[in-house]
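Here's the letter readout for the chains.
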Amino acid sequence: MPHPSIPTITSPSVTKRALWQDTHEIRISNWMTEWDFASPLDVGLLGAPYSNASITPSGASGGPEAVRMAFRFNVTFSPDWDTDIQKMTMRDLGDIAGHLTSVETAHQNIEDAVSGALGLGRSFVPVIVGGDHSISAPAIRGFAKANPGKKIGVINFDGHMDVRNFDHGNHNGTPFRQILEREPHIDPANFVEVGIHGFMNSSTYYRELLDQGTRVITAREVQKRGMEECAAEALALAGKDTDLIYVSVDIDCLAFPYTIGTSAASPEGLSAWQLLEGMWLCGQDPKVAALDVVEIDPSRDVKDLTARSGCSVILTFLAGLYRRLYGDRGY
């Protein structure tokens, strides 16, 4: 049940349990249960099923439900990362209530839910599943509110810079302009864009970011240099003189074959392995304290492929986080 002091959090839209699992092969959908808002946890999943602020028609409000359903395909061990996360405690906090007609109200609900959940006295890493990318601005504000006095760095894995102007209000093309212009504890020099696509962004906004000290690492640069080197640079810049790092992943940072179920992908994007290498490194970094994954649109998806990509992003981040928290391989 939702916590009485956080009315903006409701029960998850769906709770999926795998009907079958091997004794030694634990399904994620059986391993992650709902949180009682009291017991200790390492990671808390929070759904932000809101996509009314999308530039293009979007069904990304179904993203949290699609990811929860797709977790039934996953287990706790990955030989790729030589890590079993089974000893980690991950709980589902539920979904954040949206609003049918008001973007401002929906975004305030997200801010209040994130700050409220993190303020309950149980330290954990929030993993927030959107929703369109507009949810990141209020999520970051809520994260900052729950960490008063802390300086925050931000890394955005994305096909788009998402720093468009406010001619059309707050939407999924403006989350990081909101953060850079309205949040004084986030310095543009500690904001890093990774995976930005060709022919999908404005030269005006690109130059603006560079002029204010933001590092933009394009998908082509990742292809040439390798994700390990690029992610290490991003973490160093976001972490320079900051206390915490918030990581945002727009699933459209991936190239077409991996992101059928999103509205604005392109062939210039990252490969799945490049993004996963980035998540593995982010999970291990001692300053990374929050993750969101957005723009998974099940209405466009085929055979849950994009939702399953989102699951892999989250679980790979958790594998890195497990290594950081527990210092072993988990088996």
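Residues numbered from 1 in each chain as written. Predicted model: local features only at pLDDT ≥ 70, side-chain atom pairs only at ≥ 80, totals over all residues. Heavy atoms only, no water.

Comments concerning the overall build of the protein
Here is the rule: In this text, helices come from DSSP runs of H or I with a minimum length of four residues, and strands from runs of E with a minimum of two, each type numbered from the N-terminal end. Only protein chains enter the calculation, and the probe is 1.4 Å; a residue is then buried if its accessible area is under 20% of its type maximum, exposed if over 50%, and partly exposed in between. We call two residues in contact whenever any of their non-hydrogen atoms come within 4.5 Å of each other. Per-residue accessibility takes into account occlusion by the displayed protein chains alone, with areas from the Shrake-Rupley method and a 1.4 Å probe. Charged residues are defined narrowly, with Lys and Arg counted positive, Asp and Glu counted negative, and His plus the chain ends left uncounted. A charge is said to be at NZ when it belongs to Lys, at CZ for Arg, at CG for Asp and at CD for Glu.
When helices and strands are tallied, the protein shows ten helices and twelve strands. Overall, the protein is about 55 × 45 × 40 Å in size when its C-alpha atoms are taken along their principal axes. Within the span of the protein, comprising 331 residues, buried residues form 56% of the whole. Relative to all contacts within the protein whose residues are 6 or more apart in sequence, the contacts with residues 24 or more apart total 78%. Working note: accessible area of the protein is about 13200 Å², and carbon and sulfur atoms make up 52% of it. Charged side chains of the protein number 28 positive and 41 negative; the gap between the two group centres comes to 3 Å.

Notes on the packing of aromatic side chains
Spelled out, the test is: Note on aromatic contacts: the rings of Phe and Tyr and the six-membered ring of Trp form a pair at centre separations within 6.5 Å, being stacked when their planes are under 30 degrees apart, edge-to-face when over 60 apart, and tilted otherwise. Sitting over a ring, as applied to charges here, requires NZ of Lys or CZ of Arg to be within 6 Å of the ring centre and within 35 degrees of the ring normal.
Inspection of the entire model under this criterion finds eight aromatic pairs. Seen in terms of ring centroids, Trp35 and Phe37 are 5.0 Å apart; in terms of plane orientation they differ by 35 degrees. Their pairing is tilted. Comparing Trp35 with Phe37 shows no difference in burial state: the two are buried. Measuring from centroid to centroid gives 5.0 Å for Trp81 and Trp280, while their planes differ by 25 degrees, and the two rings are stacked. Of this pair, Trp81 sits in the loop between strand S4 (77-78) and strand S5 (83-84) while Trp280 sits in helix H9 (residues 272-284), placing them 199 residues apart in sequence. Note on accessibility: Trp81 and Trp280 belong to one class, buried. Among the aromatic residues, ring-to-ring pairing joins Trp35, Phe37 and Phe124 into one connected group. Here the basic side chain of Arg182 rests over the ring of Phe166, its NZ or CZ set 4.3 Å away from the ring centre.

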